[in-house]
Amino acid sequence: MSANFKMVAKTFFGFEEILAKEIRNLGGGNIVQGVRNVSFEGDTGFMYKANLCLRTALKIIKPIHSFSARTEKELYRKVYAMDWGDYLSADTSLAIDSTVNSDTFTHSLYVSQKVKDAIVDKFRDTEGKRPSVDLKFPDVKINVHIHKEFCNIALDSSGRSLHQRGYRTATNIAPINEVLASGLLLMSGWEGQCDFLDPMCGSGTFLTEAAMIACNIPANINRKEFAFEKWNDFDEALFEKITMVCLNKTREFHHRIVGYDKAPSAVRKSIDNVANANLSEYITVERKNFFDTAKFTENRLHMVFNPPYGERLNLEMEEFYSAIGDTLKQKYPGTEAWFITSNLEALKYVGLRPSRKIKVFNSHLESRFVKYLMYEGSKKAKYQKAD
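The rules we used
Residues numbered from 1 in each chain as written. Predicted model: local features only at pLDDT ≥ 70, side-chain atom pairs only at ≥ 80, totals over all residues. Heavy atoms only, no water. Helix = DSSP H or I, 4+ residues; strand = E, 2+ residues; numbered from the N terminus. Rg over C-alpha atoms; globule rule 2.2 N^0.38 Å. Lys, Arg positive; Asp, Glu negative; His and termini not counted. Charge placed at Lys NZ, Arg CZ, Asp CG, Glu CD. Pairing = 2+ DSSP bridges. Axes fitted to C-alpha atoms, helices over the stretch in contact; angles between N-to-C directions. Buried < 20%, exposed > 50% of the residue type's maximum accessible area, 1.4 Å probe, protein only. Contact = heavy atoms within 4.5 Å. Patch = residues over 30% accessible without salt bridge, like charges linked within 9 Å, V, L, I, M, F, W, Y side chains within 5 Å. Areas by Shrake-Rupley, 256 points an atom, 1.4 Å probe, with all protein chains shown as cover. Salt bridge = Lys/Arg side-chain N within 4 Å of Asp/Glu carboxyl O. 1 Å grid on protein atoms, 1.4 Å probe; cavity = no way out; pocket = protein on both sides within 12 Å on 5 of 7 lines; lining within 4 Å. Points joined across faces, edges and corners; volume = space filled by probe spheres on them. Nonpolar A, V, L, I, M, F, W, Y, C, P; charged D, E, K, R; others polar. Parallel < 35°, antiparallel > 145°, perpendicular 65-115°, else oblique. Left-handed = near helix turned anticlockwise from the far one by under 90°.

*Asks:* Please explain the overall build of the protein chain as it appears in this structure.
*Replies:* The helix and strand inventory of the protein chain stands at ten helices and 15 strands. By the compact-globule yardstick of 21 Å for 387 residues, the protein chain fits well, its C-alpha radius of gyration being 24 Å. Seen along its three principal axes, the alpha-carbon backbone of the protein chain occupies a region of about 75 × 45 × 40 Å. The average position of the 53 basic charges and that of the 48 acidic charges among the side chains of the protein chain differ by 4 Å.

*Asks:* What exactly am I supposed to notice about the sheet that holds strand S15 (residues 365-374) here?
*Replies:* Hydrogen bonding along the main chain pairs the strands of a sheet, whether they run parallel or antiparallel. Read across the sheet, seven strands follow the order S11-S10-S9-S12-S13-S15-S14 without closing on themselves; strand pairing throughout is mixed. Of all the strands in the sheet, the pair left with one neighbour each is strand S11 (283-287) and strand S14 (356-362). Adjacent strand axes in the sheet meet at a mean angle of 20 degrees when their direction is disregarded. With five bridges joining them, strand S12 (residues 301-305) and strand S13 (residues 335-341) adopt parallel strand pairing. Note on S13: the bridge partner recorded for Phe 305 is Phe 339.

*Asks:* What is the right way to read the side chain of Asn 143 from this model?
*Replies:* Along the chain, the position of Asn 143 falls in strand S7 (residues 140-147). Residue classification places Asn 143 among the buried positions, given a relative accessible area of 7%. Beyond its immediate chain neighbours, meaning those up to four positions away, Asn 143 contacts Lys 10, Ile 61, Asp 97, Asn 152, Ile 153 and Ala 154.

*Asks:* I keep staring at a negative patch on the surface and nothing clicks. Help me out?
*Replies:* Taken together, the side chains of Asp 233, Asp 235, Glu 236 and Glu 240 present a region of like negative charge at the surface. Mapped onto the elements, Glu 240 comes out in helix H7 (residues 236-247).

*Asks:* Can you walk me through empty space enclosed by the protein in this structure?
*Replies:* A water-sized probe rolled over the atoms picks out the places where empty space is left. Overall, the coordinates contain one cavity of 30 Å³ or more when judged by the stated rule. Approximately 30 Å³ is the volume attributed to the largest cavity. In terms of lining residues, the largest cavity is bounded by Asn 306, Tyr 309, Ile 340, Thr 341, Ser 342, Asn 362, Leu 365 and Ser 367. Looking at the lining of the largest cavity, the elements with two or more residues in it are S13 and S15. Each residue belonging to the lining of the largest cavity can be placed in one class, and the counts come to three nonpolar, five polar and no charged.

*Asks:* Quick question: what am I supposed to make of the side chain of Lys 371 here?
*Replies:* The residue Lys 371 is located in strand S15 in this model. Buried and unpaired, Lys 371 has no salt bridge, with Glu 336 as the nearest side chain of opposite charge at 4.0 Å. Excluding residues within four positions of it along the chain, Lys 371 makes contact with Glu 336, Ala 337, Trp 338, Pro 354, Ser 355 and Arg 356.

*Asks:* I keep staring at the packing of helix H5 (residues 178-187) against helix H6 (residues 205-214) and nothing clicks. Help me out?
*Replies:* Two quantities define a packed helix pair, namely the angle between the helix axes and the distance between the axes. Packing of H5 against H6 leaves a shortest axis separation of 9 Å and a crossing angle of 55 degrees. For the element pair H5 / H6, the angle class is oblique. Note that H5 runs across H6; the crossing there is right-handed. Contacts between H5 and H6 involve Glu 178, Ala 181, Ser 182, Leu 184, Leu 185 and Leu 186 from the former and Thr 205, Phe 206, Glu 209, Ala 210 and Ile 213 from the latter. Across the contact of H5 with H6, the residue classes tally to seven nonpolar, two polar and two charged.

*Asks:* Got a minute to help me understand the sheet that holds strand S5 (residues 93-101) in this structure?
*Replies:* Read across the open sheet, the eight strands follow the order S2-S3-S1-S4-S8-S7-S5-S6; overall the sheet is mixed. The sheet is open, and its two borders are formed by strand S2 (29-33) and strand S6 (132-133), each paired with just one other strand. In terms of strand pairing, S7 meets strand S8 (residues 150-156) through six bridges, oriented antiparallel. Opposite Ile 146, over in S8, you have Cys 151 as the bridge partner. Contacting S5, S6 and S7, helix H4 (residues 108-127) runs over the sheet at an angle of about 140 degrees to S5.

*Asks:* Explain the pattern of salt bridges to me, please; I cannot follow it from the model alone.
*Replies:* Opposite charge on two side chains allows them to pair when their charged atoms are near. Tallied over the entire structure, the rule returns 14 salt bridges. Residue Asp 156 pairs with Lys 59 through a salt bridge whose shortest N-O separation is 2.6 Å. With Asp 156 in strand S8 and Lys 59 in strand S4 (residues 59-68), this pair connects stretches of sequence that are 97 residues apart. Residue class for Asp 156 comes out buried when judged on its relative accessible area of 3%. Since its relative accessible area comes to 15%, Lys 59 is described here as buried. Close ionic contact of Asp 326 with Lys 329 constitutes a salt bridge, the shortest N to O distance being 3.9 Å. Of the two residues, Asp 326 and Lys 329 both sit in helix H9 (residues 317-331), three residues apart, roughly one turn of that helix.

Pasting the structure below:
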């Protein structure tokens, strides 16, 4: 059994608490929430499991060395002094990703270049040959974080961002990020407890993530590769065992997950992506305009969606958001409806008072994730009207 070590999971702003809960439920220890990150401890098997299962993590990095550096020469010297043979060889390709917040080190690309120079010079001096640089598909990706004079060197165990699950091959114009979608679903309290609807499903990301949560399917089970699979110490048998244990914890789901979209192309993309995720038996996608629909079940319904936005809605913003409110109010009693929007001005046109309004970011856009509780019966719905 390998010893525990520190890891850091990166995430979106506002998702730190959800990610910490996920890590705790997986079995991680010494969990500390930061800003857009959560640090924790676990062994090598837990690092594999974290990459495979965490829904709200974008990256899992493994810190390997920390030091202070006041000059570029000192940064070079201390990186050069590290025992890089533990992590890569002269035949390994590498890439450096740097983040800097410092008066001394002001350019992340320059820091990446200095760190790369120190590593390849070390191999050239000791072995007579040097690792190559491959920015797209490196064998080892090194993460450098400098805050003031403090430098942290880490290995990126994930590689490509963990939002790239592997099931979404077809996308629409502005698909929602898979980690963002999963985080919003968890934030909404979705656990698979009832029927689910995404009435504007686009390429089907909410549908797929909702089904994986409901069935407790590992978030990245469809992903083809993690960076740690190229590491010197990769334990393939352990990774296969971890994967099988996680798959054995999946559960059956006895409700319906339904998606609507009025665009035929979106419906086709959703169906393709759902099939890629092997979830077609749980998800139904239909071509429908949400404003022409009514609740399909007599039981409670959980709704999460991402209304379209952009210039094409500017002229009809009031009408569009008003129609969302009217449809919810008139046709969806007994529904807990959530949606995300970056159009903060448009929310007042919904005509219903949200019971929750949470600040989140969709890419670089400040947004709100809002909740509307639609009660059974017109009398209760009447009290939800905005003043």
